[in-house]
Amino acid sequence: MELLESKANTKSTYIYFFIVGIVLIAFNLRPAITSLGPLVGMIQEDVGLAHWSAGLLMSLPLVVFAFMSPLVPKIANRLSNEVTLIIGLTSLLIGIGIRSIPMTFFLFSGTLLAGLGIAIGNVLLPAVVKDKFPYKFGLMTSVYSTSMGLIASLASGISIPLAINLNLGWQGAQFVWTIPVVVAIVVWLLLRKNNVRDDSRGIMQKQGSATKTTMWRTPLAWQIAIFMGFQSFLFYVTISWLPEILQSHGISIETAGWLLSFTQLVGLPASFIIPVLAGRAQSQVWIAFMLGMCAIVGYSGLLLGSSYPVLIVSIALIGFALGGAFPLALSYIGLRARSAHQAAELSGMTQSTGYLLAAVGPLFIGYLYDMAHSWTLPILTLIVVSVVIVVFGMLSGRNRYV
């Protein structure tokens, strides 16, 4: 009896430790990206980057995500989820370290390595949660997606204070983010060592390989991929261009920057609530409709509204929509998959599509502005994209499996 209780306590401790590991992975999936934006001006001045080079530096991780995501499940099949995540964290650690060297080659190569590491975490995290917490997938998705949003906002906000107020410079402000990576590596090494049964070993071999070649030919998988892609499109366009749109309405550059932070913070409650609701409901059609309508009304407010209150309400609606759409897309990966294997395959496919569109989005919207010399056409495009999100979000929300 005592032996059984001891085993139960050990398993319970391991599960809680695993939750800590998942949250630590989530903590490291955004700071290397969101901390870079506020520092770009300092980096340009120090390294001598042209504007197009700075834009490429910002888009490079997203391009890496797009091309790396389909390969991650294959790597995990040969190794294991835990080992692959450790490799990803190591790549992220080396990338951030190299990127802190003020030379163009190291800046771009470090960003490339960081992108590779983040791509591994992006794809495997939903699969790990599906594998370890199949009956608590919605709640765990809430936990890690909210963690991602919180640390992303924090990284954006403290980059300049770290660089200027603490005299760390842009190099030190970047290098600070190696600390949570090191902590995560230590935790996952311990998890790997103490994992009494390697549940995630060869996820494809364990679950079969029926979907390996068919996932890209499954209509539901494509519906989820399109939803993931265009919500990513909206998010990165908003992060890139919302301050400029607000300034066109007479908002100062300082206030526009704070309002961008407000947009991300407003989305945090949605990041937590939406996956919980999605996990409890058999169909998520109504959730997708609600989030899509918030996006449509929000971007319409940017187009039609000129008063400060209208802009604030519009930004709040956009923030809620974007904050909820990403974790809803992650929830679809687990809810529409029957196994951890399917979740890994679906995650790789949808995130590859999503980040490819995300990389194109800011450049395409910027091109539309240069062509039209106003924000009307770009915002109309965002409204159309929001309609697409409503349609494919509702299709993806039906109670079906890939």
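Rules behind the numbers
Residues numbered from 1 in each chain as written. Predicted model: local features only at pLDDT ≥ 70, side-chain atom pairs only at ≥ 80, totals over all residues. Heavy atoms only, no water. Helix = DSSP H or I, 4+ residues; strand = E, 2+ residues; numbered from the N terminus. Rg over C-alpha atoms; globule rule 2.2 N^0.38 Å. Buried < 20%, exposed > 50% of the residue type's maximum accessible area, 1.4 Å probe, protein only. Contact = heavy atoms within 4.5 Å. Areas by Shrake-Rupley, 256 points an atom, 1.4 Å probe, with all protein chains shown as cover. Phe/Tyr/Trp six-rings, centres within 6.5 Å; stacked < 30°, edge-to-face > 60°. Core = buried A, V, L, I, M, F, W, Y, C linked by side-chain atoms within 4.5 Å. Arc of directions from axis to C-beta.

Caption draft 1: Up close: the overall build of the protein. Check the secondary structure of the protein and you find 17 helices and zero strands. On C-alpha atoms alone, the protein measures out to a radius of gyration of 21 Å, which is about the 21 Å that the 2.2 N^0.38 rule sets for 402 residues. Counting only C-alpha atoms and orienting by the principal axes, one finds that the protein spans roughly 70 × 50 × 40 Å. Taken across its 402 residues, the protein has 56% of its residues classed as buried. Pairs at least 24 residues apart make up 82% of the contacts formed inside the protein by residues separated by at least 6 positions. Accessible area for the protein stands at about 17,000 Å²; split by element, carbon and sulfur atoms hold 70% of it.

Caption draft 2: Quick look at the packing of aromatic side chains. Enumeration according to the criterion identifies ten aromatic pairs in this entry. Pairing Trp-216 with Trp-222 gives two aromatic rings, centres 5.7 Å apart and planes at 75°, and the pair type is edge-to-face. Given the relative accessible area of 37%, Trp-216 is considered partly exposed.

Caption draft 3: Local environment of the nonpolar core. By size, the foremost hydrophobic cluster in this structure holds 115 residues, and its most contacted members are Ile-22, Trp-188, Tyr-299, Leu-302 and Leu-328. Residue contributions to this core peak at 13 residues, all from helix H12 (residues 219-248). Apart from the residues lying within four places of it in its own chain, the contact partners of Leu-302 are Leu-242, Ile-245, Leu-246, His-249, Leu-311, Ser-314, Ile-318 and Ile-379.

Caption draft 4: Structural view of helix H3 (residues 40-48). When we look at burial in H3, the residues that qualify are Val-40, Ile-43, Gln-44 and Val-47. Buried residues of H3, seen end-on, are gathered within an arc of 100° and therefore sit on one face of the element.

Caption draft 5: Region of interest: the side chain of Thr-84. Along the chain, Thr-84 turns up in helix H6 (residues 81-99). With sequence-adjacent residues up to four places away left out, Thr-84 is seen in contact with Ile-75, Ala-76, Leu-79, Ile-120 and Leu-124.

Caption draft 6: Expanded view of unusual backbone geometry. Even without being glycine, Asn-167 reaches a positive phi, approximately 55°. Structurally, the position occupied by Asn-167 is in the loop between helix H8 (137-165) and helix H9 (169-175). A relative accessible area of 68% means that Asn-167 is categorised as exposed. Although it is not a glycine, His-373 sits at a positive phi angle of roughly 60°. For His-373, the position within the fold is in the loop between helix H16 (340-372) and helix H17 (376-396).

Caption draft 7: Region of interest: the environment of Phe-105. Mapped onto the fold, Phe-105 is located in helix H7 (residues 104-132). Measuring from C-alpha to C-alpha, the distance between Phe-105 and Leu-277 comes to 46 Å, with 172 residues separating the pair along the chain.

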